[in-house]
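Structure assessment
Each chain, letter by letter, is given below.
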Amino acid sequence: MSKKIITIGRTYGSGGRLIGREVASKLGYAFYDKELIELAAKECGFSPDFIRANEQRATFGFFANLASQGFSYSKDTLPPADMLFVAQCKVIQDVASKEDCVIVGRCADYVLRDLDTCLHVFIRSTQEDAVHRVTTYYGVPKDKAADEIKRLNRQRGAHCKRYTDRTWGAAENYDLTLNTARFGIEGCASLICEAAQRAFNPTTGDGVY
């Protein structure tokens, strides 16, 4: 029997990770976000700290950092950034085959695009709401919050385009898009649970999750 999977893409400061964890708790699913870093590290041999710092970067800085770690590769092997993406894809496919789960970020919606029992969600927010969240909960200085949000969202968009040739956040790539400034963390989590119930159990979709 196919496992039920919910993927959650999110803009920085939208609370997508919190929503994903809440959805997993409500539905009794496993939750994967930063946990994927440890699994990918085992798969490709990079240190978890290195992956954490570089998983969404595809620049010369990535290769310069590798050189400092004494890592070398030939033209016959994949570049490290590509090796990392391949490793994460394998990990995502592996966990999706083993248990019902919520997976946050890492292009999981693309990796699992052909899986029928998968609900793809994108979480966004307003600039004001995102600034409040990153300054209040993430410790980003208020005078730098807007620039940090813009930088990370641009980085996520570029990563998505490079590896999937998709436009990050485009509605056609998701089943559901929600605005946390409108519905709140708990409200978004509840709406996703209801959508999952209808998507995964179409004949009993009006039941309680």
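Attention in this report is confined to the structure presented alongside it.

Cut-offs applied
Residues numbered from 1 in each chain as written. Predicted model: local features only at pLDDT ≥ 70, side-chain atom pairs only at ≥ 80, totals over all residues. Heavy atoms only, no water. Pairing = 2+ DSSP bridges. Helix = DSSP H or I, 4+ residues; strand = E, 2+ residues; numbered from the N terminus. Axes fitted to C-alpha atoms, helices over the stretch in contact; angles between N-to-C directions. Contact = heavy atoms within 4.5 Å. Buried < 20%, exposed > 50% of the residue type's maximum accessible area, 1.4 Å probe, protein only. Parallel < 35°, antiparallel > 145°, perpendicular 65-115°, else oblique. Left-handed = near helix turned anticlockwise from the far one by under 90°. Nonpolar A, V, L, I, M, F, W, Y, C, P; charged D, E, K, R; others polar. Phe/Tyr/Trp six-rings, centres within 6.5 Å; stacked < 30°, edge-to-face > 60°. Polar contact = N/O pair within 3.5 Å; in protein donor to acceptor, adjacent residues only side chain to side chain. 1 Å grid on protein atoms, 1.4 Å probe; cavity = no way out; pocket = protein on both sides within 12 Å on 5 of 7 lines; lining within 4 Å. Points joined across faces, edges and corners; volume = space filled by probe spheres on them.

1. As for the sheet that holds strand E4 (residues 118–124)
The strand order E2-E3-E1-E4-E5 describes an open sheet built from five strands, whose pairing is parallel. Unpaired on one side and paired on the other, strand E2 (30–32) and strand E5 (176–179) mark the two borders of the sheet. Taking the axes of each pair of neighbouring strands and ignoring which way they run, one obtains an average angle of 20° across the sheet. Taken together, the four bridges between E4 and E5 define a ladder with parallel strand orientation. Opposite Phe122, over in E5, you have Thr177 as the bridge partner. The strands that helix H9 (residues 180–200) touches are strand E1 (5–10), E4 and E5; relative to E5, the one it contacts most, it runs at about 160°.

2. Details of helix H7 (residues 127–136)
All of the buried residues in H7 are Asp129, Ala130, Val131, Arg133 and Val134. Its buried side turned inward, H7 meets helix H8 (142–164) and H9.

3. Here's the deal with the packing of H7 against H8
Two elements in contact, H7 and H8, have axes separated by 9 Å at closest approach and are oriented at 120°. In terms of orientation, H7 and H8 fall into the oblique class. Regarding H7 and H8, the two cross each other, and that crossing is right-handed. Facing H7, whose interface residues are Gln127, Ala130, Val131, Val134 and Thr135, H8 presents Lys142, Ala145, Ala146 and Ile149. Residue classes in the contact of H7 with H8 are distributed as six nonpolar, two polar and one charged.

4. Things to note about the packing of aromatic side chains
Scanning all chains against the criterion turns up four aromatic pairs. With a centroid separation of 5.6 Å and an interplanar angle of 40°, the aromatic rings of Tyr12 and Tyr138 are classed as tilted. Of this pair, Tyr12 sits in the loop between E1 and helix H1 (16–27) while Tyr138 sits in the loop between H7 and H8, placing them 126 residues apart in sequence. Note on Tyr12: relative accessible area 13%, which makes it buried. A relative accessible area of 35% places Tyr138 in the partly exposed class. By the ring-pair criterion, three or more aromatic residues cluster together here, those being Phe122, Trp168 and Tyr174.

5. With respect to unusual backbone geometry
Backbone geometry places Arg106, a non-glycine residue, at a positive phi of 60°. Mapped onto the fold, Arg106 is located in the loop between strand E3 (101–104) and helix H6 (108–111). Relative accessible area serves as the criterion here: at 10%, Arg106 is assigned to the buried category. Phi at Asp165 is positive, roughly 60°, even though this residue is not glycine. Inspection of the secondary structure assignment puts Asp165 in the loop between H8 and E5.

6. Let's talk about the pairing of E1
Burial analysis of E1 places six of its six residues in the buried class, the great majority of the element. Of the strand pairs in this sheet, E1 and E3 are connected by four bridges, and their pairing is parallel. Residue Thr7 lies in a different strand from E3, and its bridge partner there is Ile103. Where E1 lies against E4, six bridges are found, and the strand directions are parallel. Counted as the bridge partner of Ile8 is Val121 from E4.

7. What about the environment of Lys98?
Take Lys98: it is sitting in helix H5 (residues 80–98). Within the local environment of Lys98, its side chain forms a polar contact with the side chain of Asp94, the two groups lying 3.1 Å apart.

8. Digging into empty space enclosed by the protein
Considering all chains together, one arrives at two cavities of 30 Å³ or more under this definition. Of the pockets and cavities examined, the largest cavity occupies roughly 170 Å³. If you trace the largest cavity, you find 15 residues lining it, with Gly105, Arg106, Cys107, Cys160 and Trp168 closest to the centre. If you list the elements that add at least two residues to the lining of the largest cavity, you get E1, H6 and H8. Among the elements that make up the lining of the largest cavity, the one with the highest residue count is H8 (four residues). Of the residues in the lining of the largest cavity, the class split is five nonpolar, five polar and five charged.

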